[in-house]
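Observations on chain architecture
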Amino acid sequence: MASLKVPSNVPLPEDDAEQLHKAFSGWGTNEKLIISILAHRNAAQRSLIRSVYAATYNEDLLKALDTELSSDFERAVMLWTLDPPERDAYLAKESTKMFTKNNWVLVEIACTRPALELIKVKQAYQARYKKSIEEDVAQHTSGDLRKLLLPLVSTFRYEGDDVNMMLARSEAKILHEKVSEKSYSDDDFIRILTTRSKAQLGATLNHYNNEYGNAINKNLKEESDDNDYMKLLRAVITCLTYPEKHFEKVLRLSINKMGTDEWGLTRVVTTRTEVDMERIKEEYQRRNSIPLDRAIAKDTSGDYEDMLVALLGHGDA
């Protein structure tokens, strides 16, 4: 039986590991070489590189990167190099810490990851932190925020396309009644948002729009004072129905203000590059009349800029 040949244009993880080790050796770190390798490898390739690097040099590649790199560039490279479930577990943990508290991140992970991926995130979280994500969410939130977030991270949504139109009509009516009553943390209101499949929820919200003349988020926005719960509620609905709109907004707010929000910018680029970045780029261009890579290049610099721009072109690499 003939042996399988690896296509010549596919880089070998052994070669990549060797080149990365060279990038850390000698005087100074070769950041350009690191970008040229890691920014152009998919998740499976990056995982293989980490395994080979550990076996060859008896050192975790992530520890080497942590030692050699710094600042926003380090964060971008580290997040990108992590396996997606590990990355989400880390982001979820960071989002519950006192000084980096950010419930948006929990919403993004719970609402935009497929059900089986969310299970893997929760497994990675338990393996790394020796507790469940539900424990930390319950401990670090309270009131209506806890009432919304806890079922979101606990759910296992049906992923299929089957839709019950009678259910969509009846639940659209329930949502409208609760909005009219301003009962935004009502048990049924939260149950519908946190348990229904995305297809079912899409049908319900379409019926809501057609029957009552407004998209539900438009109605919810009328309550938009500085209420964190209401903002989070709208983010849940956007992430479940049009995630590219949510991530475009995070990017826009990260870039278009006094001082860049590098945390938000890095998070979106590293987590969405292999998922739906093309749709996010299209949404960004439509909303801001400038290509996303150009907007990022105007607002960042150095190796950090080079890494982010390389990742934006990752799908073309």
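Above this note sits the structure.
Residues numbered from 1 in each chain as written. Predicted model: local features only at pLDDT ≥ 70, side-chain atom pairs only at ≥ 80, totals over all residues. Heavy atoms only, no water.

**So, the overall build of the chain**
- Each helix and strand in the chain was counted, giving 20 helices and zero strands.
- In summary, the chain has a C-alpha radius of gyration of 22 Å against a globular reference of 20 Å for 317 residues, a match within 12%.
- Counting only C-alpha atoms and orienting by the principal axes, one finds that the chain spans roughly 65 × 50 × 40 Å.
- Scored against the burial criterion, the 317 residues of the chain give a buried share of 47%. (Helix = DSSP H or I, 4+ residues; strand = E, 2+ residues; numbered from the N terminus. Rg over C-alpha atoms; globule rule 2.2 N^0.38 Å. Buried < 20%, exposed > 50% of the residue type's maximum accessible area, 1.4 Å probe, protein only.)

**Looking at the pattern of salt bridges**
- Under the criterion given, the structure shown has 22 salt bridges.
- Between Lys178 and Asp186 there is a salt bridge, with its nearest N and O atoms 3.5 Å apart.
- Glu278 is paired through a salt bridge with Lys281; the nearest N and O atoms lie 3.1 Å apart. In this pair, Glu278 and Lys281 are both assigned in helix α18 (residues 277-288), three residues apart and thus about one turn of the helix distant.
- The structure contains a network of salt bridges with shared partners spanning Glu171, Asp188, Arg191 and Arg196. (Salt bridge = Lys/Arg side-chain N within 4 Å of Asp/Glu carboxyl O.)

**A look at the packing of aromatic side chains**
- Inspection of every chain in the model, using the stated rule, returns four aromatic pairs.
- Look at Phe24 and Tyr53: their rings are 6.2 Å apart centre to centre, the planes differ by 75 degrees, and that puts the pair in the edge-to-face class. Of this pair, Phe24 sits in helix α1 (residues 13-24) while Tyr53 sits in helix α3 (residues 43-57); the two residues are 29 residues apart in sequence, bridging distant segments of the chain.
- What links up through ring pairs into an aromatic cluster is the set Phe24, Tyr53 and Tyr57.
- One residue, Arg46, lies across the ring of Trp80, its end atom 3.7 Å from the ring centre. (Phe/Tyr/Trp six-rings, centres within 6.5 Å; stacked < 30°, edge-to-face > 60°. Lys NZ or Arg CZ within 6 Å of the ring centre and 35° of its normal.)

**Focus: the packing of helix α6 (residues 84-96) against helix α7 (residues 103-112)**
- Two elements in contact, α6 and α7, have axes whose closest approach is 8 Å; the angle formed by their N-to-C orientations is 150 degrees. By the criterion of interaxial angle, the relationship of α6 to α7 is roughly antiparallel. Where α6 crosses over α7, the two elements pack in a sense that is left-handed. When α6 is examined against α7, the residues Asp88, Leu91, Ala92, Ser95 and Thr96 are found in contact with a partner set consisting of Val105, Leu106 and Ile109. (Axes fitted to C-alpha atoms, helices over the stretch in contact; angles between N-to-C directions. Parallel < 35°, antiparallel > 145°, perpendicular 65-115°, else oblique. Left-handed = near helix turned anticlockwise from the far one by under 90°. Contact = heavy atoms within 4.5 Å.)

**Side note on the layout of surface pockets**
- Considering only enclosed or pocket space, the largest pocket measures out at about 1100 Å³ in volume.
- In terms of lining residues, the largest pocket is bounded by 36 residues, among which Asn217, Arg234, Thr238, Lys245 and Lys249 are the most central.
- Secondary structure elements with two or more residues in the lining of the largest pocket: α7, α13 (198-212), α14 (216-221), α15 (228-241), α16 (243-255), α17 (262-272) and α18.
- Classifying every residue of the lining of the largest pocket gives 10 nonpolar, 10 polar and 16 charged.
- In this structure, the second largest pocket occupies an estimated 370 Å³ of space. (1 Å grid on protein atoms, 1.4 Å probe; cavity = no way out; pocket = protein on both sides within 12 Å on 5 of 7 lines; lining within 4 Å. Points joined across faces, edges and corners; volume = space filled by probe spheres on them. Nonpolar A, V, L, I, M, F, W, Y, C, P; charged D, E, K, R; others polar.)

**Description of the packing of helix α11 (residues 165-180) against α13**
- Running from N to C, α11 and α13 cross one another at 60 degrees; their axes reach a closest spacing of 8 Å. For the element pair α11 / α13, the angle class is oblique. In terms of crossing hand, the pair formed by α11 and α13 is right-handed. Across the interface between the two elements, Met165, Leu167, Ala168, Arg169, Glu171, Ala172, Lys173, Leu175, His176 and Val179 from α11 touch Gln200, Ala203, Thr204, Leu205, His207, Tyr208 and Tyr212 from α13.
- Tallied by class, the residues present in the contact of α11 with α13 amount to 10 nonpolar, four polar and three charged.

**Quick word on the side chain of Arg87**
- Of note, Arg87 is situated in helix α6.
- Among the polar contacts listed, one links the side chain of Arg87 to the backbone oxygen of Thr270, at a separation of 3.3 Å.
- Excluding anything up to four places from it in sequence, Arg87 contacts Arg46, Leu79, Trp80, Leu82, Thr270 and Thr271. (Polar contact = N/O pair within 3.5 Å; in protein donor to acceptor, adjacent residues only side chain to side chain.)

**Some words on empty space enclosed by the protein**
- Considering all chains together, one arrives at one cavity of 30 Å³ or more under this definition.
- Ala110, Arg113, Pro114, Ala115, Leu118, Thr155, Phe156, Arg157, Glu159 and Lys198 together form the lining of the largest cavity.
- Each residue belonging to the lining of the largest cavity can be placed in one class, and the counts come to five nonpolar, one polar and four charged.

**Topic: the environment of His207**
- Looking at the element boundaries, His207 is found in helix α13.
- On a C-alpha basis, the gap between His207 and Arg169 in space is 6.3 Å, while along the polypeptide they are 38 residues apart.
- Excluding its chain neighbours within four sequence positions, the residues that come into contact with His207 are Ala168, Arg169, Ala172 and Tyr212.

**Brief notes about unusual backbone geometry**
- Even without a glycine there, the phi angle at Ser71 is positive, about 65 degrees.
- Relative to the assigned elements, Ser71 resides in helix α5 (residues 71-81).
- Note on Ser71: relative accessible area 56%, which makes it exposed.
- Here Ser289, not a glycine, exhibits a phi torsion of approximately 60 degrees, which is positive.
- Within the secondary structure layout, Ser289 lies in the loop between α18 and α19 (292-299).

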